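Listed here are the chains, written in short residue letters.
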Amino acid sequence: MSKERVLTGITTTGTPHLGNYVGAIRPAIAASQHPETQAFYFLADYHAMIKSQGPEFVHQSTREIAATWLALGLDVDNAVFYRQSDIPEIPELSWLLSCLAAKGLMNRAHAYKAAVDDNLKNAEDPDFGITMGLFSYPVLMAADILMFNANKVPVGKDQIQHIEMARDIAKRCNHLYGSKKKPLFVMPEAVVESDVAVLQGLDGRKMSKSYGNTIPLFLSEKQLKKHINKIDTNLLEPGEAKDPDTSTVFQIWQAFASPAQTDSMRQAFAEGIGWGDAKKQLFELINEEVGEARERYHVLLEDSAHIEAVLQAGAEKARGYSAPLMAELRSAMGIRPLG
Ligand code: TRP
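Residues numbered from 1 in each chain as written. Predicted model: local features only at pLDDT ≥ 70, side-chain atom pairs only at ≥ 80, totals over all residues. Heavy atoms only, no water.

Turning our eyes to something else, we now look at the overall build of the protein. Of regular secondary structure, the protein possesses 13 helices and 5 strands. Over its C-alpha trace the protein gives a radius of gyration of 22 Å, about what one expects of a compact globule, namely 20 Å for 339 residues. Each principal axis of the C-alpha distribution contributes one length, and for the protein these read about 85 × 50 × 40 Å. The buried share of the protein, reckoned over its 339 residues, is 47%. For the protein, restricting intrachain contacts to residue pairs at least 6 apart in sequence, the fraction spanning at least 24 positions comes to 77%. Taken as a whole, the protein presents about 17,300 Å² of accessible surface, with 53% of it coming from carbon and sulfur. Here the protein carries 35 positive and 42 negative side-chain charges, and the mean point of each set is 6 Å from the other. (Helix = DSSP H or I, 4+ residues; strand = E, 2+ residues; numbered from the N terminus. Rg over C-alpha atoms; globule rule 2.2 N^0.38 Å. Buried < 20%, exposed > 50% of the residue type's maximum accessible area, 1.4 Å probe, protein only. Contact = heavy atoms within 4.5 Å. Areas by Shrake-Rupley, 256 points an atom, 1.4 Å probe, with all protein chains shown as cover. Lys, Arg positive; Asp, Glu negative; His and termini not counted. Charge placed at Lys NZ, Arg CZ, Asp CG, Glu CD.)

Here is the structure:
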């Protein structure tokens, strides 16, 4: 039996925060260590172009995200770790798939629909400011996934629709160009992060860059303390019992604590631990988990040449899969030498 393939992409538009770490990076690194799986993790820099916030921003974000995964111990000898734009077969596949994907299907994509709705609300032309990149985004994502015949795709809830679209497109391609015995593409399945893994931000809403409520993953100790002190709490005094289940401090605690530590913090809440004290303990817990990786991260950031070499080696490995599949598909679609 060949190993199950797990694949996920990280758009290079930002600096990783604790929510990314708990919801995506930590479980992905754990999954990559499983002997029965083969992990494909990539920096989705072509996706970053859709919302491009400037070349330097995307470039720096690529460096930071790569350094983060390496600092946290992703074993790149086991996992295939690469940058999307280093794999020329991906945009090539994206074009071929876009010739199979129904436009009507893309019309229903959430990101595009939300942009249209916004325009209508503001009495604009429905397509005002909407690029073909945004519109075709699910096709590029289908190419990312199908290129490596991924079985499992860990994503946030908002991305489930894209995996369904990838299946739809894959089915059509298999039907038109594959053989019954040997389909061209396997059907990918979404694996959705559990609610426990969706971390709350400073204001209690989901931690997200778009809400401006994040705690960046590799802050200095001083800054980490400062950020944790900014987590919203209520006005209960030390000595007054507090409700752990409505507390962001507790929710984040739980994401880093062992079951025993969670139980004792629950007890401490019942006994009226002060917010200052709870936050101090939270700082220590997080710092304990990320402290060493933070040091490696800063060393890596100073050594871009090393990060680049790791990505190039990853691209070479990835192309060992993408090039043959692309050759097979091109040929199946009638794009092949004449003689
Ligand atoms: N669109 C995903 C996101 O915004 C990132 C992504 C790009 C991705 N390509 C992918 C995730 C392929 C999984 C598989 O989170």
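Attention now goes to the environment of Asp303. Following the sequence through the fold, Asp303 ends up in the loop between helix H12 (275-301) and helix H13 (304-332). In this structure Asp303 comes out as partly exposed when scored by relative accessible area, which is 36%. C-alpha separation for the pair Asp303 and Gln223, spaced 80 residues apart in sequence, amounts to 24 Å.

Topologically, Asn174 is positioned in helix H8 (residues 160-177). Within the structure, Asn174 has its side chain in polar contact with the backbone nitrogen of Leu184 (distance 3.0 Å). What Asn174 contacts, discounting residues up to four positions off in sequence, is Pro183, Leu184, Phe185 and Met187. (Polar contact = N/O pair within 3.5 Å; in protein donor to acceptor, adjacent residues only side chain to side chain.)

Taken together, 14 residues form the shell around the ligand, and within it His47, Tyr137, Met141, Asp144 and Gln159 come nearest. In this structure, a nitrogen atom belonging to the ligand sits 2.8 Å away from a side-chain N or O atom of Tyr137. Interatomic distance of 2.8 Å between a side-chain N/O atom of Asp144 and a nitrogen atom of the ligand. When the ligand sits alone it has 360 Å² of accessible area, and the protein chains cover 86% of it. Every element with two or more residues in the shell around the ligand is listed here: strand E1 (4-11), strand E2 (37-44), helix H7 (132-146) and strand E4 (152-155). A class-by-class count of the residues in the shell around the ligand yields 8 nonpolar, 5 polar and 1 charged. (Near = heavy atom within 4 Å. Nonpolar A, V, L, I, M, F, W, Y, C, P; charged D, E, K, R; others polar.)

To continue, consider the pattern of salt bridges. Taken as a whole and judged by the stated rule, the model has 11 salt bridges. Notably, a salt bridge pairs Arg205 with Asp203, separated by 3.0 Å at the nearest N-O pair. Sharing partners across several salt bridges, the network here consists of Arg83, Asp86 and Glu308. (Salt bridge = Lys/Arg side-chain N within 4 Å of Asp/Glu carboxyl O.)

Okay, the packing of aromatic side chains next. The description of two aromatic rings rests on the distance between their centres and on the angle between their planes. Enumeration over the complete set of coordinates arrives at 11 aromatic pairs. Taken together, a centroid distance of 6.0 Å and an interplanar angle of 20° make the contact between Tyr21 and Phe256 stacked. Placement of Tyr21 in helix H1 (residues 18-32) and of Phe256 in helix H10 (residues 248-256) is noted, with a sequence separation of 235 residues between them. No difference in accessibility class separates Tyr21 from Phe256, as the two residues are buried. Arranged with centres 5.4 Å apart and planes meeting at 15°, the rings of Phe42 and Tyr82 form a pair that is stacked. With Phe42 in strand E2 and Tyr82 in strand E3 (residues 80-83), the pair connects residues that are 40 residues apart, well separated along the chain. Residue classification places Phe42 among the buried residues on the basis of a relative accessible area of 2%. By relative accessible area, which is 0% here, Tyr82 ends up buried. Ring-pair connections join several aromatic residues into one group, and the members of that group are Phe40, Phe42, Tyr82, Phe148 and Tyr321. Note that Arg26 overlies the ring of Phe256, its terminal NZ or CZ placed 5.5 Å from the centroid. The aromatic ring of Tyr211 is capped on one face by Arg205, whose charged end is 4.0 Å from the ring centroid. (Phe/Tyr/Trp six-rings, centres within 6.5 Å; stacked < 30°, edge-to-face > 60°. Lys NZ or Arg CZ within 6 Å of the ring centre and 35° of its normal.)

Under the domain assignment, the protein is made up of domain 1 (4-198 + 304-332) and domain 2 (218-299). At the interface, 11 residues of domain 1 touch 10 residues of domain 2. Summed over both sides, the interface between domain 1 and domain 2 buries roughly 930 Å², with carbon and sulfur atoms accounting for 60% of that surface. Seen at the junction of domain 1 and domain 2, the total is 1 salt bridge. Here Glu289 makes a salt bridge to Arg26, at a shortest N to O gap of 3.0 Å. The interface formed by domain 1 and domain 2 holds 5 residue pairs in polar contact (both at pLDDT 80 or more) in total. Contributions of two or more residues to the side of domain 1 that touches domain 2 are made by H1 and helix H3 (55-71). The residue inventory of the side of domain 1 that touches domain 2, partitioned by class, reads 8 nonpolar, 1 polar and 2 charged. (Domains from an automatic or database assignment. Buried area = accessible area lost by both parts, 1.4 Å probe.)

Below, the discussion takes up the nonpolar core. Among the nonpolar cores identified, the biggest contains 56 residues, and Trp69, Ile215, Phe256 and Ile286 are the most heavily contacted of them. Considering each element in turn, this core owes the most residues, 11 residues, to H12. When residues of this core are assigned to domains, at least three fall in each of domain 1 (4-198 + 304-332) and domain 2 (218-299). If near-sequence neighbours (up to four positions away) are discounted, Trp69 is found in contact with Ile10, Ile25, Ala28, Ile29, Tyr41, Leu74 and Phe81. Ranked by size, the runner-up nonpolar core spans 48 residues in total, among them Val80, Met106, Ala142 and Ala166. (Core = buried A, V, L, I, M, F, W, Y, C linked by side-chain atoms within 4.5 Å.)

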